[in-house]
Amino acid sequence: MGTTRVLVVDDELIMRESLAGWLERDGYEVEKAASGEEALEKSKSSKYDILIVDIKMEGMSGLDLLKHVNENDPEAAVIMITAYGSISTAIEAMKNGACDYLL
């Protein structure tokens, strides 16, 4: 069995780098994307086991990315993260197939 592949998607550099660093230290193979659009491009050529996705980003939102991922790779686990959580956003994310929603 190979290493678990994770894609961290966040438009904030410090969050993206911090999450990636912690995951790499724990033995995960990690790639990073600064936008939903970049994440979609990466997912066309690579398969990820887990995507950790910020909900609020410029351009494509994390919720929009979640929908694309679920259509194209339904086996990938998507974890939504946000600093601006709301019950309605959490419900929408979970209804659209997110595995978890973290504040």
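Description of the structure in this document. On a predicted model such as this, the values are computed, not experimentally measured, just so you know.

Conventions adopted
- Residues numbered from 1 in each chain as written.
- Predicted model: local features only at pLDDT ≥ 70, side-chain atom pairs only at ≥ 80, totals over all residues.
- Heavy atoms only, no water.
- Helix = DSSP H or I, 4+ residues; strand = E, 2+ residues; numbered from the N terminus.
- Rg over C-alpha atoms; globule rule 2.2 N^0.38 Å.
- Contact = heavy atoms within 4.5 Å.
- Areas by Shrake-Rupley, 256 points an atom, 1.4 Å probe, with all protein chains shown as cover.
- Lys, Arg positive; Asp, Glu negative; His and termini not counted.
- Charge placed at Lys NZ, Arg CZ, Asp CG, Glu CD.
- Salt bridge = Lys/Arg side-chain N within 4 Å of Asp/Glu carboxyl O.
- Buried < 20%, exposed > 50% of the residue type's maximum accessible area, 1.4 Å probe, protein only.

On to the overall build of the chain. For the chain, the helix and strand inventory stands at 4 helices and 5 strands. If you list the helices and strands of the chain from N to C, you get β-α-β-α-β-α-β-α-β. Relative to the 2.2 N^0.38 estimate, which gives 13 Å for 103 residues, the radius of gyration of the chain is 12 Å and therefore close to what a compact globule would have. Judged by the C-alpha coordinates and their principal axes, the chain covers about 35 × 30 × 25 Å. Considering only contacts within the chain whose residues lie at least 6 apart along the sequence, 57% involve residues at least 24 apart. Accessible surface, the chain: about 6000 Å² in total, of which carbon and sulfur atoms supply 53%. Once the 10 positive and 20 negative side-chain charges of the chain are each reduced to a mean point, those two points are 1 Å apart.

Quick look at the pattern of salt bridges now. A full pass over the atoms with the stated rule returns 6 salt bridges. The partner of Glu29 in a salt bridge is Arg5, with the nearest N and O atoms 2.9 Å apart. Of this pair, Glu29 sits in strand β2 (residues 29-33) while Arg5 sits in strand β1 (residues 5-9); the two residues are 24 residues apart in sequence, bridging distant segments of the chain. A residue is classified by how much of its surface remains accessible, and Arg5, at 17% relative accessible area, is buried. Here Lys42 and Glu31 are joined by a salt bridge, their closest N and O atoms 3.6 Å apart. Residue Lys42 is located in helix α2 (residues 36-45), and its partner Glu31 is located in strand β2; the two are separated by 11 residues in the primary sequence. Residue Glu31 is classed as partly exposed on the basis of its relative accessible area, which comes to 23%.

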